[in-house]
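Inside the fold
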Amino acid sequence: MATPPPSQFAALLRRSKFATFDPHIGQVYTAYDGHAARGNFGLKRPLALRRRNAHITVRDIDSREQQTVWHSAEQQNRWIKMWDETGATPTTHKTQSPWLERLGWTGEFEFTMDSDLIEKPKDTESAEADEQVVKKTLATRNLESMSDKEFDWYLEHVRTLRPAFREYLEKHGAPKYRGDSLLVRSLKDSNHDFRDFLAHREYQEYHSPRPRNIEQRPHRYAGLSYARGTHLQNELILKPHIGRVLTEELDKGNHIVATAGITAKMPIGDRGTDTAPVTTFRVTQVTLDSAPATVGAIPEGLEGAKLSVKVRVDSDETRHTKENPYPPGSKEYITHVAAISRPVGMHMHTPKKASFDAPLTKTVAATNLLGALRGM
């Protein structure tokens, strides 16, 4: 007798949004096609929101009134789309910003790869310097989240690392403390050698041939931009965004501009000849100061993000001031003849063109030449 096929309920439950819902993680939900028309967002019950391209955030699946508590996320969705259209990527960071403190040593705003598959070649001097640097990680054990039993086990594990800790101090410790015992070393000065050692051990465990744990590496831009577009690529492919100059008064040498759903600053010299209050702008510099805490007791949205943006005017009026205002590769770009600028008071001598309509007259040299040829 053939066994009946297993029920599909377990597979559907594992793939549903209801099974992956966590009130401590900020997520945005949406629905497509017929599911959106029925208000089916993959939760426990259909919602009253029944239209396409709808985005929501869910706070609770079942409230005391047996209802799903949700809020609209249209503003966040539209802002992300507008930001993607700018093609901007954070290029600078402040040394004391909250986001840089969370990133730690992984906060370099420079990709170490030429592509996703080929690593960037390193210089010989930089490779030798990397070998001398002690590699550490920020993804260490969280002692505060451990239970008493887990902390006792971890304490016994750390005690077995004493020989490796002594070897680490002999290689990478301060020279004035070398040769001293661990007790004498701990009494002389309060240092963070043990923290560096544990971070180094965790790094070795993460990068072992067969690691058992996954190192936590937050995205350097907090998921704000995943593209690696250059300024030239954005200039040729993406269109500028329309915006408005809010104040004519200068704020530390800058104009205040509203464009692409953000409030940015524009230096005085980047406005050019376009003095209209409403024009088009391009993003030139982005600084990510803080990112929203999407995981926590009360997850944050875009209201927790803080950016410092600088823009410049890129309109038809300022575009015609360039030497070649047409798109590269176009027919107009190739056939464009740039105007030659000459100093004031300088005149170029233009030779007279020969006129072929005038009748030909024999000169003396021509007459002598004909006479010499006849006498040959």
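Up top you'll find the structure we're talking about.
Residues numbered from 1 in each chain as written. Predicted model: local features only at pLDDT ≥ 70, side-chain atom pairs only at ≥ 80, totals over all residues. Heavy atoms only, no water.

1. As for the sheet that holds strand β1 (residues 29-30)
Basically, it comes down to this: Any two strands with at least two DSSP-identified bridges between them are counted as paired. Segments assigned H or I by DSSP are reported as helices when at least four residues long, segments assigned E as strands when at least two residues long, and all are numbered from the N terminus.
Judged by pairing direction, the sheet is antiparallel, and its three strands sit side by side in the order β1-β2-β3 without closing on themselves. This sheet does not close on itself; its edge strands, each paired only once, are β1 and β3 (69-72). Of the pairings in the sheet, the one linking β1 to strand β2 (residues 55-60) comprises two bridges and is antiparallel in character. Counted as the bridge partner of Thr 30 is His 55 from β2.

2. Here we look at the packing of helix α7 (residues 162-172) against helix α9 (residues 193-206)
Put simply, the rule reads: Axis lines are fitted through C-alpha atoms, for helices just across the contact stretch, and the angle between N-to-C directions can take any value from 0 to 180 degrees. Comment on the angle field: the value is read as roughly parallel under 35 degrees, roughly antiparallel over 145, roughly perpendicular from 65 to 115, and oblique elsewhere. Any pair of residues with heavy atoms lying within 4.5 Å of one another is described as a contacting pair. The nonpolar class holds Ala, Val, Leu, Ile, Met, Phe, Trp, Tyr, Cys and Pro. Asp, Glu, Lys and Arg form the charged class, and all remaining residues, Gly among them, are polar.
Where α7 contacts α9, the axes come no closer than 11 Å and their chain directions differ by 110°. Looking at the two axes, α7 sits roughly perpendicular to α9. Of the residues in α9, those in contact with Ala 164, Phe 165, Tyr 168 and Leu 169 of α7 are Asp 193, Phe 194, Asp 196, Phe 197, His 200 and Arg 201. Here the residues of the contact of α7 with α9 are counted per class, giving six nonpolar, one polar and three charged.

3. As for unusual backbone geometry
Definition in use: Partly exposed describes any residue whose relative accessible area lies between the buried limit of under 20% and the exposed limit of over 50%, with all areas from a 1.4 Å probe on protein chains only and scaled to the type maximum.
Its identity is not glycine, yet Asn 53 carries a phi of approximately 55°, on the positive side. Among the structural elements, Asn 53 can be located in the loop between α2 (33-37) and β2. Under the relative-accessibility criterion, Asn 53 is labelled partly exposed at 41%. One non-glycine residue, Ala 222, lies in positive phi territory at about 60°. Position of Ala 222 among the secondary structure elements: in the loop between α9 and α10 (231-237).

4. Notes on the nonpolar core
Note the cut-off: Only buried Ala, Val, Leu, Ile, Met, Phe, Trp, Tyr and Cys residues count toward a nonpolar core, and they belong to the same one when joined by side-chain atoms within 4.5 Å.
With 15 residues, the main nonpolar core has Trp 83, Val 257, Met 266, Phe 281, Val 309 and Val 311 as its most contacted residues. Residue assignment for this core shows that the elements contributing at least two residues are α3 (74-86), β6 (262-267), β7 (278-290) and β8 (306-313). Beyond its immediate stretch of four places on either side in the chain, Val 257 contacts Arg 244, Val 245, Leu 246, Ile 262, Thr 263, Ala 264, Met 266, Phe 281 and Val 311. Grouped together as the second largest cluster of nonpolar side chains are 12 residues, Ala 36, Phe 41, Ile 56 and Ile 61 included.

5. Notes on the packing of aromatic side chains
Threshold: The aromatic pairing rule takes the rings of Phe, Tyr and Trp, using the six-membered ring of Trp, and pairs them if the centres are within 6.5 Å, calling planes under 30 degrees apart stacked, those over 60 edge-to-face and the rest tilted.
Counted under the stated rule, the structure contains three aromatic pairs. Here the aromatic rings of Trp 79 and Trp 83 are separated by 5.5 Å at their centres, their planes lie at 10°, and the arrangement is stacked. Of this pair, Trp 79 and Trp 83 are both found in helix α3, four residues apart, which corresponds to roughly one turn of the helix. Each of the two residues, Trp 79 as well as Trp 83, counts as buried. On the basis of an interplanar angle of 55° and a centroid distance of 5.2 Å, the ring pair of Phe 165 and Phe 197 is categorised as tilted. Of this pair, Phe 165 sits in helix α7 while Phe 197 is found in helix α9, placing the two residues 32 residues apart along the sequence. Overall, Phe 197 belongs to the buried group, its relative accessible area being 5%. Aromatic ring contacts, followed pair by pair, group Phe 165, Tyr 168 and Phe 197 into a single cluster.

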